[in-house]
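# Close look at the chain arrangement
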Amino acid sequence: MIPVVLLVTAFVSVILVTLFIIYQTTPKGKAIPGLKPVDFNGTGNLDKIEASGSLHQFLKQLHQQYGPIASFWFGNKYTVSVASPDMLNDLKGVFDRPPELFISLLPILGSESIQFKNGEEGRKRRKATDSAFGHSMLRHFCENFNEIAEETVQTLAALPQEEGIPLCEHTMVMAIKGIAQTSFGPYFKSDEACRKLRYNYDVCFREMEKRLDGMPLKVGSDRQKKFDEALQTIKEMVKDIIKEKQQTISQQKAFIDILINRSDIYPESTLLADAISYMVGGFHNSGYLLAWTLYFLAKDEQVQEKLYQEVISVAGRSSAIGPKEIAELRYLKQVLNEAMRITVPAAFAAKVQDVDIQLDGYLIPKGTPVITAYGAIHQNENLWPLPDKFDPERFNVENVKGRHQFAFQPFGLPARRCPGFRFTYYELTVYLAILIRSFKWSLVEGQVIKRKYGLATFPNTEIWAQIKRRDLFH
């Protein structure tokens, strides 16, 4: 009997000593508040995400309940979300992102996509391509943007106005032409090619969002067949672009030329994956953002008129919009920023580190995905009073001075900011300036437009707008 007691005592002592050592060598930190998983068999809190309508809406509710840092289970993965400018500041230097949170993008982008690459390989590829969207290249793109905008003006002016014009249909064509003609070549000169790409991308895009919201795809289903056909069409279109560029000599080294010329880091499969990644990343958010901006301007005649007067003052009634004008159109940038703040085109991103870290005293174990909930921050009424009100004055010089620099991060944190953030400002500034000085915008009456959140923020239905030629007034 005594040996058994001694054995049990020795065993308990070993356990206590082990726990003490673990306690002493583990970083100390407060426990992160949050949700417990419904089960550990893979669903986690996915039911709550689905019930909320989107991951963005779920994160907003999560932070409203638990505060600026909260935890939940994304499937069987323990995940932390932060919605604090101070915490974003602490994460600004982190490059790596957790691939498992973006697994829904895998079918369309492919496993070789930059979206899933971290560490040295990810940094090397970003360094190789970032120059394609730098200031020196953007100066050359302005001519393309002006041409696309003026073509759109002529197209819109020729349309019958009785029922209005489908706003998203035209802004998406403009966005596709913008990224394609500047970065991939003249393949998308025609509206027909742009609409073909958009239709097939929309099929894939909706499918990715369903997977993100916890709706798995059944092998052999009609959904599977429709998705596979759309994805194959996109791949064939991109392959045609690559083949066409490989057979031509270009003086101006665009994005696709960089990929083709760097075969050391872009073998064929990687080239295709990144070409698709940058193409779709270059138009889906921009197209919807332009539509949303025109929607807000059409609803607010006073803001629209102030913007029109700025455009006329800076660029006149017919001059091209170049880098100089873009820099001087300050109120236009306020309008774009406010549209991004309200509609949160990229509502979240995520980081991961291979070491334990602390944020504001909270312990986050290594390997834990940390979501940066930009949408929850951009709609936080403590940072943005009346957050649903469209008010470009939030971004005037005085108001910006009094706000935390990480309270508005529509393109992500510095270490892995969206490579096309400058491209977006250049492109949409040119488009918006020309569209506003050409037409006075209003909405077809009786529409109920709501925001649907997902991998992008899009309207629940097409937005129908009405336009009047401004040159008829002068």
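These remarks concern the structure in this document. (Residues numbered from 1 in each chain as written. Predicted model: local features only at pLDDT ≥ 70, side-chain atom pairs only at ≥ 80, totals over all residues. Heavy atoms only, no water.)

Counting 150 residues, the largest nonpolar core has F188, F283, L432 and W441 as the members making the most contacts within it. With residues up to four places along the chain from it excluded, the contact list for F283 reads M172, A175, I176, I179, L197 and Y201. (Core = buried A, V, L, I, M, F, W, Y, C linked by side-chain atoms within 4.5 Å. Buried < 20%, exposed > 50% of the residue type's maximum accessible area, 1.4 Å probe, protein only. Contact = heavy atoms within 4.5 Å.)

This part is about the sheet that holds strand β2 (residues 77–82). Where strands meet in a sheet, backbone hydrogen bonds hold them as pairs that are either parallel or antiparallel. With mixed pairing, 4 strands are arranged side by side in an open sheet as β1-β2-β7-β4. Where the open sheet ends on each side, the last strands, each with one partner, are β1 (69–74) and β4 (349–351). Across the sheet, the mean angle separating the axes of adjacent strands is 35° when strand polarity is ignored. Sheet strands touched by helix α3 (residues 55–66): β1, β2 and β7 (370–372). Its angle to β1, the strand with the most contacts, is close to 135°. (Pairing = 2+ DSSP bridges. Helix = DSSP H or I, 4+ residues; strand = E, 2+ residues; numbered from the N terminus. Axes fitted to C-alpha atoms, helices over the stretch in contact; angles between N-to-C directions.)

Our next topic: the packing of helix α12 (residues 268–299) against helix α13 (residues 301–315). Close contact between α12 and α13 brings their axes to 5 Å; oriented N to C, the two are set at 110°. Compared by their axis directions, α12 and α13 come out roughly perpendicular. Mapping the contact onto sequence places L297, A298 and K299 in α12 and E301, V303, Q304 and L307 in α13. In the contact of α12 with α13, the residues fall into 4 nonpolar, 1 polar and 2 charged. (Parallel < 35°, antiparallel > 145°, perpendicular 65-115°, else oblique. Nonpolar A, V, L, I, M, F, W, Y, C, P; charged D, E, K, R; others polar.)

Close contact between α12 and helix α18 (residues 421–438) brings their axes to 11 Å; oriented N to C, the two are set at 40°. Of the two elements, α12 crosses α18, and the hand of that crossing is right-handed. Mapping the contact onto sequence places S286, L289, L290, T293, L294 and L297 in α12 and T424, E427, L428, Y431, L432, L435 and I436 in α18. Across the contact of α12 with α18, the residue classes break down as 9 nonpolar, 3 polar and 1 charged. (Left-handed = near helix turned anticlockwise from the far one by under 90°.)

Our next topic: the packing of aromatic side chains. Across all of its chains, the model carries 25 aromatic pairs by this definition. Ring centres of F133 and F255 lie 5.7 Å apart, and the angle between their planes is 35°; this geometry places the pair in the tilted category. Here F133, found in the loop between α6 (119–130) and α7 (135–157), pairs with F255, found in helix α11 (residues 255–261); they are 122 residues apart in sequence, far enough to count as distant. Overall, F133 belongs to the buried group, its relative accessible area being 3%. Ring centres 6.1 Å apart and planes at 50° place the aromatic pair F411 and F421 in the tilted group. Taken together, the positions of F411 in the loop between α17 (397–401) and α18 and F421 in helix α18 put the pair 10 residues apart, joining distant regions of the chain. (Phe/Tyr/Trp six-rings, centres within 6.5 Å; stacked < 30°, edge-to-face > 60°.)

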